[in-house]
Amino acid sequence: MKSKNFKIEEIIKNFNLLDNNFIDPEGTTLEEIHRTLLSRNNQVILECGVRKGFSTSIFVYNSEKNNSHVYSIDIEDCSDVVESKNWSFFQTDDRNIKEILEKFNDLKSKGVDIIYIDSLHTSRHLEEVLYGWYPYLNKNSIIFIDDIDSYSYQKNQHKDNIMNNINWDEMNKFTLNFSRANKKEITLVQYYKKSGLAKMYKISEKGSLPKKIKNTDRSLMILIPIKLYRAVKNAIKI
């Protein structure tokens, strides 16, 4: 393969030098994706969001080694970020599922073994993509969701950005609530470094539909008096 923007051989070499039982806290969450791909062959991979092609390069590099194929989707023209017979690109919105399935029939006929979601960073978009593609995910498939840790964007942090802070927190909350709503089918693991990564294992059969998330938030009308009461009680104790 050929990666336009990354020295992929050097990156993979550094990944492989890491202890298999240790995740470098200063590294990238793509280390975990690389390790996952090492143990899976003949995979149909759907990548939602490409940009410069970092994750694309990792997926395609491994796909050439394990007889897999990567189908990448982005609203921008990213058709030149990678050169490989194991990669196909389609410029469209990742919610245009019918259009994408017509373009890439394997996603429908074979199903998806790994989906990586890193497109528009809002919980609403994430929800539409995940619920839309869920029925096409095979049994024992893996769902990766990038950017679920807002720490870098929080107040006084090096990327201080209130909008990203809010969006990342909402994506994290959605991911957690989705896994809880579907706890009989989904196991969630979260990695909190860099911008964060969620990894979900799906055990249900292809064609199964995910359950909707039930609102568990308590009303502010209830929370505010309780918080005031707690504050007064703690002040009295002091």
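Up top you'll find the structure we're talking about.
All of these numbers come straight from a predicted model, not from anything done at the bench.

(A) Structural detail: the packing of helix α1 (residues 8-17) against helix α3 (residues 54-66). Between α1 and α3, the shortest axis-to-axis distance is 11 Å and the interhelical angle comes to 75 degrees. Taken together, the axis directions place α1 and α3 in an arrangement best described as roughly perpendicular. Along the contact surface, α1 presents I8, E9, I11, I12 and F15, while α3 presents F54, S57, I58 and Y61. For the contact of α1 with α3, the class distribution of residues is seven nonpolar, one polar and one charged.

(B) Looking closely at the sheet that holds strand β6 (residues 112-117). Reading across from one edge, β5-β3-β2-β6-β7-β9-β8 is the order of the seven strands in this open sheet, with mixed pairing throughout. Of all the strands in the sheet, just β5 (87-91) and β8 (186-191) have a single pairing partner and so form its edges. Across this sheet, the average inter-strand angle for adjacent strands is 15 degrees, counted without regard to direction. Relative to the sheet, helix α2 (residues 30-38) contacts β2 (44-48), β6, β7 (137-146), β8 and β9 (197-202), its axis offset from that of β9 by approximately 25 degrees. Against the sheet, helix α7 (residues 162-181) makes contact with β7, β8 and β9, and its axis sits at roughly 150 degrees relative to β8, the strand it touches most.

(C) View of α3. In this model, α3 (13 residues) spans 19 Å end to end at C-alpha, consistent with the 18 Å of a helix rising 1.5 Å per residue. Burial within α3 is extensive, with 10 of its 13 residues counted as buried. Buried within α3 we find S55, T56, S57, I58, F59, V60, Y61, N62, S63 and N66. Looking one or two residues past α3, N67 carries a phi angle of roughly 60 degrees, positive in sign.

(D) Looking closely at the environment of S219. Within the element layout of this structure, S219 appears in the loop between β9 and α8 (220-237). Of note is the side chain of S219, whose polar atom sits 3.1 Å from the backbone nitrogen of M221.

(E) The packing of aromatic side chains, seen in detail. In the structure shown here, the tally under the stated rule is 11 aromatic pairs. For the ring pair F6 and F54, a centre distance of 4.8 Å and an interplane angle of 20 degrees mean the geometry is stacked. One end of the pair, F6, is in the loop between β1 (2-3) and α1; the other, F54, is in helix α3, with 48 residues separating them in the sequence. Aromatic pair W133 and Y136: ring centres 5.8 Å apart, planes at 65 degrees, arrangement edge-to-face. Judged by its relative accessible area of 1%, W133 is buried. Note on Y136: relative accessible area 22%, which makes it partly exposed. Every member of this aromatic cluster is reached through a ring pair, and the members are Y131, Y134, F174 and F178. Positioned above the aromatic ring of Y134 is the side chain of K202, whose terminal nitrogen or guanidinium carbon lies 5.2 Å from the ring centre. Stacked on the ring of Y131, the Lys or Arg K212 has its end atom at 4.2 Å from the ring centre.

(F) Summary view of the state of the cysteines. Summed over all chains, the structure comprises zero disulfides. With no disulfide of its own, C48 lies 13 Å from the sulfur of C78, the closest cysteine sulfur. The class for C78 is buried, based on a relative accessible area of 4%.

(G) Molecular detail of the pattern of salt bridges. A full pass over the atoms with the stated rule returns nine salt bridges. The closest approach of N and O atoms between E32 and K199, which form a salt bridge, is 2.9 Å. With E32 in helix α2 and K199 in strand β9, this residue pair connects regions lying 167 residues apart in the sequence. An identical accessibility class is assigned to E32 and K199; each is buried. Each member of the salt-bridge network shares a partner with another, and the members are D93, R95, R124 and E128.

(H) Looking closely at the side chain of N66. The topology assignment puts N66 in helix α3. With a relative accessible area of 8%, N66 lands in the buried category. A distance of 2.9 Å separates a polar atom in the side chain of N66 from the backbone oxygen of R40. Those residues in contact with N66 that sit more than four places away from it in its chain are L37, R40, N41 and N42.

Rules used in this analysis
- Residues numbered from 1 in each chain as written.
- Predicted model: local features only at pLDDT ≥ 70, side-chain atom pairs only at ≥ 80, totals over all residues.
- Heavy atoms only, no water.
- Axes fitted to C-alpha atoms, helices over the stretch in contact; angles between N-to-C directions.
- Helix = DSSP H or I, 4+ residues; strand = E, 2+ residues; numbered from the N terminus.
- Parallel < 35°, antiparallel > 145°, perpendicular 65-115°, else oblique.
- Contact = heavy atoms within 4.5 Å.
- Nonpolar A, V, L, I, M, F, W, Y, C, P; charged D, E, K, R; others polar.
- Pairing = 2+ DSSP bridges.
- Expected span 1.5 Å × (residues − 1).
- Buried < 20%, exposed > 50% of the residue type's maximum accessible area, 1.4 Å probe, protein only.
- Polar contact = N/O pair within 3.5 Å; in protein donor to acceptor, adjacent residues only side chain to side chain.
- Phe/Tyr/Trp six-rings, centres within 6.5 Å; stacked < 30°, edge-to-face > 60°.
- Lys NZ or Arg CZ within 6 Å of the ring centre and 35° of its normal.
- Disulfide = S-S within 2.5 Å.
- Salt bridge = Lys/Arg side-chain N within 4 Å of Asp/Glu carboxyl O.

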